Amino acid sequence: MSRSTPALARPEPSLDHARPLVVRGLTKSFGPGTRAPWSTKPRRRVRALRDVSFQVDAGSVYGLIGANGSGKSTLIRTLSTLVLADAGDVRVFGYDVQLHSMQVRRLINRVSADPSFFRQMSALENLQFYGRIYGLPGREVRRRAVEILDRLGLDRYRQRAMVKELSRGQQQKIAVARAFLTSPVLMLLDEPTTGLDPRSKRDVQAFVREVQRDHGATIFLTTHDMDEAEVLCDRIAFLVGGRIVAEGTPLELRRQVAGGRPVESVDMEDVFMALTGRSVEDDEEETTDDE
Ligand SMILES: Nc1ncnc2c1ncn2[C@@H]1O[C@H](COP(=O)(O)OP(=O)(O)O)[C@@H](O)[C@H]1O
Ligand SMILES: [Mg+2]
C-alpha cells in the first residue's frame, strides 16, 4: 500500500546545509504592556527590530555590531526561537524558526549576554548537569568539558571551584563551553566577550576561530568591540535602532568610507561612525512608534 500525504499537510522541509541562516524582513516591537521592568519611560511600543534582512554563509563567522539597546539580543533571541517575531521570516538550515522550532533547536545553541549557573556547583558539575539534560553520555561530557575549558584557559583548579567564586570572565568561559558541548552547527553568541579582561577575550576569540576552522561550524555573534569584529568576522552588519544600516566584509565596509585614503589605514570605529552617524559606545534611546 502506498503511503499518501494528506492534501493539506505542510511538506516537511529538509536540511539545507548551504544556508545556515537566512533572515528576511524581521520586525519586532515590544509593549506597551511588556515594557522592560526597569524602564521609566511612559508606556509606548518599543521598536526593537525593523525590517532586518541578511544571510550567513555556511562555515563563516558573521558579526552584528550595535550599541546597547540597538536590538542585538532581541535578534539573537528571535533566531534561537525564544522570541516570536511580529513579521518576517527566519530560516535555520531551511527550517522556519516558528513552524519548525524543534528542528531548529537541535541545530543551534546560544551563549546569552548574561548567562546563569548553579552558583554552588563547580563549572564541571554545571556542564555535567547540562549534558544530562541534553542526553549526552556522562563520561563523554566530562572529557569534552575539561577539554573545552582547558582550551578556553580556565585552569583545572577553577574548573572544580564553585561558580560563585569565579569572576564574570571565568563564568563567561563556562557559558561558552556549555554552548559548544552539544556541537551545534550554528552557534549564536550574544556579546561573548563583553566585560572580559583582554587575556580572556583573546582566549574566547581563539576558541571561536578554532571551532569555525576545525569543525566547520557557522557562527553568528554580536559585539560592540570593533577589533573583535575585524579579527573574527567574515562579514559584518551595523545595527542602529533595530535596523541594519550597513553590511559587508570588513574590507568592503572600510572601502565605503576610505575616500582617497589607503583602505588598510581606515579604522573600524571610524567606519561605524561614518556609516551610522554615531558611536557604538553610546547607549541608544528606545525607538518608539512615534518616531
Ligand atoms: N522583553 C522586553 N520588553 C520590552 N522591551 C524590550 C524587551 N527586550 C528588549 N526590549 C527593548 O528593545 C530594545 C532593544 O533591546 P536589546 O535587544 O536588548 O538590545 P541590545 O542587546 O542591542 O542591547 C531596547 O529598547 C530594549 O529596552
Ligand atoms: Mg544585549
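Residues numbered from 1 in each chain as written. Chains lettered and ligands numbered in written order. Predicted model: local features only at pLDDT ≥ 70, side-chain atom pairs only at ≥ 80, totals over all residues. Heavy atoms only, no water.

### Some details on the layout of surface pockets
The following threshold applies: Method remark: on a 1 Å grid restricted to protein atoms, a set of points is classed as a cavity if a 1.4 Å probe fits but cannot get out and as a pocket if it is open with protein on both sides within 12 Å along at least five of seven lines; lining residues have an atom within 4 Å of a point. Grid points are joined across faces, edges and corners, and a volume is the space filled by probe spheres set on the points. Where helices and strands are cited, they refer to DSSP runs of H or I of at least four residues and of E of at least two residues respectively, numbered from the N terminus. In this count, Pro and Cys sit with the nonpolar residues alongside Ala, Val, Leu, Ile, Met, Phe, Trp and Tyr, while Asp, Glu, Lys and Arg are called charged and the others, Gly among them, polar.
Estimated volume of the second largest pocket: approximately 290 Å³. In terms of lining, the second largest pocket is formed by 15 residues, of which the most central are Leu82, Asn109, Arg110, Tyr130 and Tyr134. The element best represented in the lining of the second largest pocket is strand 6 (residues 108-111), accounting for four residues. Among the residues making up the lining of the second largest pocket, the classes are represented as eight nonpolar, four polar and three charged.

### Examining the sheet that holds strand 1 (residues 21-30)
For the record, the criterion: Strand pairing follows a simple DSSP-based rule, namely that at least 2 bridges must link the two strands. Contacts: residue pairs with any heavy atoms within 4.5 Å of one another. Axes, fitted as lines to C-alpha atoms, cover a helix only where it is in contact. Angles between the N-to-C directions of the axes lie from 0 to 180 degrees.
Spatial strand order, 2-1-4-5: four strands in an open sheet with antiparallel pairing. Strand pairing shows two members of the sheet lacking a second neighbour, strand 2 (46-56) and strand 5 (95-96), which therefore form its edges. Sheet analysis places strand 1 next to strand 2, joined by seven bridges and oriented antiparallel. Opposite Phe30, over in strand 2, you have Val46 as the bridge partner. Where helix 1 (residues 72-79) meets the sheet, it contacts strand 1, strand 2 and strand 4 (87-92), and its direction lies at approximately 120° from that of strand 1.

### Some thoughts on the packing of aromatic side chains
Definition in use: Stacked, edge-to-face and tilted are the three classes for Phe, Tyr and Trp ring pairs, Trp counted by its six-membered ring, which pair at centre distances within 6.5 Å; planes under 30 degrees apart are stacked, over 60 edge-to-face, the rest tilted. For every residue, the accessible area (1.4 Å probe, protein chains only) is compared with the maximum for its type, and the residue is labelled buried under 20%, exposed over 50%, or partly exposed between those bounds.
Here the structure, examined in full by the defined rule, presents seven aromatic pairs. A centroid spacing of 5.8 Å and a plane angle of 15° characterise the contact between Tyr62 and Phe220, whose relative ring orientation is stacked. Pair noted here: Tyr62 is in strand 3 (residues 61-66) and Phe220 is in strand 8 (residues 218-223), with a separation of 158 residues, a long-range link. Judged by its relative accessible area of 1%, Tyr62 is buried.

### Notes on unusual backbone geometry
Phi is positive for Asp51, close to 55°, though the residue is something other than glycine. Tracing the backbone shows Asp51 in strand 2. Among the residues examined, Asp51 registers a relative accessible area of 54% and is labelled exposed. Unlike most non-glycine residues, Thr81 shows phi in positive territory, near 70°.

### Some words on the sheet that holds strand 6
Taking strand neighbours across the sheet as the criterion, the six strands line up as 6-7-8-3-9-10 in an open arrangement whose pairing is mixed. Two strands bound the open sheet, and with one partner strand each, they are strand 6 and strand 10 (243-248). Averaged over neighbouring strand pairs, the angle between their axes works out to 15° when direction is ignored. Inspection of the sheet shows strand 3 paired to strand 9 (residues 235-240) by five bridges, in the parallel sense. Within the sheet, the bridge partner assigned to Gly63 lies in strand 9 and is Ile236. The sheet strands contacting helix 1 are strand 3, strand 6, strand 7 (186-190), strand 8 and strand 9, and the helix crosses strand 8 at an angle near 155°. With respect to the sheet, helix 6 (residues 168-181) is in contact with strand 6 and strand 7, its orientation differing from that of strand 6 by roughly 175°.

### What to know about helix 3 (residues 123-133)
Note the following rule: The arc under discussion is defined with respect to the helix axis, by the directions toward the C-beta atoms.
Within the sequence span of helix 3, burial applies to Ala123, Leu124, Asn126, Leu127, Tyr130 and Gly131. Buried positions in helix 3, seen along its axis, are confined to an arc of 160° and lie on one side of it. In helix 3, the exposed positions angled more than 90 degrees off the buried face are occupied by Arg132 and Ile133. After helix 3 finishes, the residue Gly135 shows a positive phi value of roughly 70°.

### Details of the environment of Phe117
Following the sequence through the fold, Phe117 ends up in the loop between strand 6 and helix 3. A relative accessible area of 13% means that Phe117 is categorised as buried. Non-local contacts of Phe117, meaning those with residues more than four positions away in its chain, are made with Asn126, Val163, Gln171, Ile174, Ala175 and Arg178.

### Section: the environment of Glu247
Applied cut-off: A 3.5 Å cut-off defines polar contacts: any pair of N or O atoms within that distance qualifies, except that in protein one atom must be a possible hydrogen donor and the other a possible acceptor, and neighbouring residues in sequence count only when both atoms are side-chain atoms.
With respect to the element layout, Glu247 can be found in strand 10. Given the relative accessible area of 28%, Glu247 is considered partly exposed. The sequence separation of Glu247 and Arg235 amounts to twelve residues, and the corresponding C-alpha distance is 7.3 Å. When residues no more than four places from it in sequence are discounted, the contact partners of Glu247 are Phe54, Tyr62, Arg235, Ile236, Ala237, Leu253 and Gln256. One polar contact links Glu247 to Arg235, side chain to side chain, over a distance of 2.9 Å.

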